[in-house]
Structures are given as C-alpha cells and as structure tokens.
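Residues per chain are reported as follows:
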Amino acid sequence: MDLFAARPRLRGEEPLAARMRPRTLSEFVGQEHIVGPGRLLRRAIEADRLGSLIFYGPPGTGKTTLARIIANTTSSRFVQLNAVTSGVAEIRQALAEAKEQRDLYGKKTILFIDEIHRFNRGQQDALLPAVESGLVTLIGATTENPFFEVNSPLLSRSRIFRLESLGPREIASVLQAAVTDRERGLGLLNVVLEPEAEEHLVRMADGDARAALNALELAALTTEPDAEGRRIISLEIAAESIQRKILQYDKNGDNHYDTVSAFIKSMRGSDPDAAVFWLARMLQAGEDPRFIARRMVILAAEDVGLADPQGLVVANSAAAAVEFVGMPEAQIPLAQAVIYLATAPKSNAAYLAIEAAGRDMKELGQAKVPSHLRDRSYSGAAKLGHGQGYLYPHDFPGHWVRQQYLPDSLADRTYYHPSAEGYEAKIGDRLKALTKSPATS
C-alpha cells in the first residue's frame, strides 16, 4: 500500500487556478450573457431546475467551474467523469449507480462529463437512453463546436450555452483577486504585480483565466522577496513566466473553421493586412499549406472571378509553389498570392452564373439540345436533322452570329451578368456590343 498516495492533498499543493476557482455565482467572473442577473441559466441554477446542458467555449472560460457551482447548489447527486480517462464501463457504472439512487432513495443524478468531445460515437450513444429517460441530467463541457463533435440525438435533448473568452478587465480582476486573497490566493506572499506586468499577462493570456493564473503563480513562486518582503513581479518576470500565447487551433474543430472563415472573408473584403494575419495564424498553428492553397484557388474563381482572370493563375501558381518548394519557404508565395487576391478587383458573377444554371437543371431536368446544335459527325446523324441550320460563327463578320444556344425551354435565360469591375467591365462592353450587332440570326 502506498502511504504517500493515501495522504490527502493539501490545499496549498493545489495549483493557484484550482484554489481560486469560484464556488458561487457571485464569485464567477464573466459570461454575463448566460449567468448575469435574470438570465436563463442563472435562474435554472438558483431554482435547481436544470435540464441537460452542454457548455462550449475556449479553455479557461469557466465551463468546469460552472459545473462545480451547480454541484454546490443542487440537491441532486453530482457525478463527474472525464472523457479522456473514462470509457463505456465507467459510463455504465455511473448510470447503474444513478438508477439505484433514484429507485432506492428518490435521488436525482447530474452527470458532468468534462471534454465530452473526446467520447467517440459509441460512448455518446451509451449515454442517450439515460438522458432521454431522465435517469440523469447531463452536463457536458467541450472546447470544440458540439455541432461537429456531439451526436445529434444528444444535442437535441440538451441546451447549448456558448462561453466566450474573458475580456481584459475580467482577466485583470481574476489576477487582482489572486494577488490579494489570503486564504486561497497569493495574499500571504506579499505579491506586488506591476501595472506593465499585469497588462502583459492579460494580453498574453488571450482570454484564458487559467493561463493567466498559472503564469502569475509561476512568477510569484520564482521571485525572491526584496528587503521589505515584497515579491515584485516586473514586466520582465511576467514575460518569462507566460512566454507566448498558445494558439487555440484544432484543425478538425470550430476554431479551425472560424479562422479559415476570417481568412476568406478578409480576402473577399479586400483587406490584405487581415488576410496575411490569418494566413500567418494558420501556418504557425500547423495548418496544411495545401489546404490553404486550395481555399485560395476557390476564392480566386468565386470572388475575384473575371474582374481579374489573372487571380486564378496566381492562386494556382501559389498552390504549385507549395508542392515544389515546401515549408517554411512556401509561406512567401502564399503571402504574395494572398495579397494579390485581397487587392484584386472583385466579382462573383461567374459563381452566380453556375449557381443559377444549376438551379434550372434541378428544376427543369434534362432539357433537350436544339437540333441545330447536335452532333452530325456520325453516320445517319444528318438524316435525323442533327446540325441542320447551324450557323458557323467564323463565317460572319466579327466571328459572331446571332443564334439560339440554350434549350428551347430556357431560351430567354441570362445566367452571366458581368460586373463593372476590372477586366469584367470589358467583357460586359463586348457582350453589349454583340447583342446590338445587326448580324443575321
């Protein structure tokens, strides 16, 4: 038997972030949009009338803390599992105990599953009957978008609350509380957090209270007291303690899609600075540069289009450079292409044209090819009337002649509406000139 393992863990041995975890809603910082006075979740917690919930948001925003506050206020049993270390066996045991408590003592059970996105589909399916029957009230916490990571049946039986990254003032208040708290915080260490150091910790924590507290604790414990017994945390010490932000970027999750969306929208919105920033974020987070290049090729056709036909050439060249050069040097042609696409004139006329034509195909089905456009190269085609009446454009002035190319049922359709931007303006002028041409049809 390991006597040391059996020894209770002392409060002082817990990390500062764990010691400073809020115990009540009055101590909870941030997320006013869901736990502010009068908000639905706050009312449900205070009334002990909770249904199944999923807390979704970045690390250090209070998901597990809210679950523990619920544990402190509810009359139900509170059982906690972590999806990283628990499997189907632990789930079944928890559900069996919940049934026993309900049947023998009339006691309800709240089952909190931290990092629920780590459960596979089979493990999530094991929860569904108990949630559906009301045997347990499920509270899940996840840093990933639950619409990507949680089974639809569980989602439909749960209310989803999105937690946002804490703001600078909220992170600063968390730090100040930790510095002054003599029971759970660093108050007994006589810590002096200089304003520049606090500002740096707030900025580098990037909305993550846990990261800010971890850095503060490291700074305090590694700083020697001065002659007056003060542990003065300067900007230099704070910078060493937190070093740099850890990019929150899961290539299969919500942050991935949000960042890619910002990247595309920045190029579409003609903001080269923002587009390059999001490109750098993706590359530093380990995104596949080929994925980035593919998205740029799509944007070149969808959003730049014929306003600058060279955009597609540039995007394809960047994609080829990624394969030929490789990282890290490939970031240079990628950046060049991103800046080109962001500053190019924009038109989505080609995208709208294919979308409109596709809708007509779905609604009207296989419209017949007009007889004069049909192939007459094979034996017997001429006897069927194929190609009869076709006008060869090169036989006419300007290499153009008016004739019908769309099916009869769509003869009046216009799919392509050129914009007045860049090169596409010239295309529009040419089409207008053709339609006014006296060429015989």
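Refer to the preceding data block for the structure.
Please read all numbers here as calculations on a predicted model, not as lab measurements.

**Student:** What is the right way to look at a nonpolar patch on the surface in this model?
**Tutor:** Where nonpolar side chains cluster on the molecular surface, the patch consists of Phe147, Phe148 and Tyr257 and spans about 340 Å² of accessible area. Assignment of secondary structure puts Tyr257 in helix α14 (residues 254-268).

**Student:** Please clarify how the pattern of salt bridges should be interpreted in this entry.
**Tutor:** Two side chains with opposite charge may pair up if their charged atoms get near one another. Under the definition given, this model contains 16 salt bridges. Between Arg230 and Glu228 there is a salt bridge, and its shortest N-O distance comes to 3.5 Å. With a relative accessible area of 29%, Arg230 lands in the partly exposed category. Salt bridges linked by common partners bring Arg23, Glu27 and Arg184 together as one network.

**Student:** I'm lost on the nonpolar core in this one. Help?
**Tutor:** One recurring pattern in soluble globular proteins: nonpolar side chains tend to sit buried together. In terms of nonpolar packing, the biggest core is built from 28 residues, with Leu175, Leu193, Leu201, Leu213, Leu216 and Ile233 touching the most fellow members. Secondary structure elements with two or more residues in this core: α2 (16-19), α10 (168-180), β6 (191-193), α11 (195-205), α12 (209-221) and α13 (235-242). When residues in this core are grouped by element, the largest group, 7 residues, is from α12. When sequence neighbours within four positions are dropped, the list of residues in contact with Leu175 reads Leu193, Glu198, Leu201, Val202, Ala212, Leu213 and Leu216.

**Student:** For this particular structure, what's the right way to read the sheet that holds strand β3 (residues 109-114)?
**Tutor:** Sheets are built from strands paired through backbone hydrogen bonds, the pairs being either parallel or antiparallel. Sheet architecture is open: 5 strands sit in the order β2-β3-β4-β1-β5, paired in parallel fashion. Strand pairing shows two members of the sheet lacking a second neighbour, β2 (77-82) and β5 (159-162), which therefore form its edges. Ignoring strand direction, the axes of neighbouring strands in this sheet form an average angle of 15 degrees. For β2 and β3, the ladder comprises 6 bridges, and the chain directions are parallel. In the strand pairing of β3, Phe78 is matched with Ile110.

**Student:** Just checking my understanding: could you explain helix α19 (residues 349-364) for this structure?
**Tutor:** Because an α-helix completes one turn every 3.6 residues, residues spaced three or four positions apart along the sequence face the same direction. Over its 16 residues, α19 runs 22 Å from end to end, which matches the ideal 22 Å to within 8%, given 1.5 Å per residue. Every buried residue belonging to α19 is among Ala349, Ala353, Ala356 and Asp360, and all of these are buried. Angular distribution of buried residues about the axis of α19 spans 70 degrees; they occupy a single face of the element. Structural note: α19 exposes Ile354 and Lys362 on the side pointing more than 90 degrees away from its buried face. Gly365 sits one or two positions beyond α19 and adopts a positive phi of about 70 degrees.

About the cut-offs
Residues numbered from 1 in each chain as written. Predicted model: local features only at pLDDT ≥ 70, side-chain atom pairs only at ≥ 80, totals over all residues. Heavy atoms only, no water. Patch = residues over 30% accessible without salt bridge, like charges linked within 9 Å, V, L, I, M, F, W, Y side chains within 5 Å. Areas by Shrake-Rupley, 256 points an atom, 1.4 Å probe, with all protein chains shown as cover. Salt bridge = Lys/Arg side-chain N within 4 Å of Asp/Glu carboxyl O. Helix = DSSP H or I, 4+ residues; strand = E, 2+ residues; numbered from the N terminus. Buried < 20%, exposed > 50% of the residue type's maximum accessible area, 1.4 Å probe, protein only. Core = buried A, V, L, I, M, F, W, Y, C linked by side-chain atoms within 4.5 Å. Contact = heavy atoms within 4.5 Å. Pairing = 2+ DSSP bridges. Axes fitted to C-alpha atoms, helices over the stretch in contact; angles between N-to-C directions. Expected span 1.5 Å × (residues − 1). Arc of directions from axis to C-beta.

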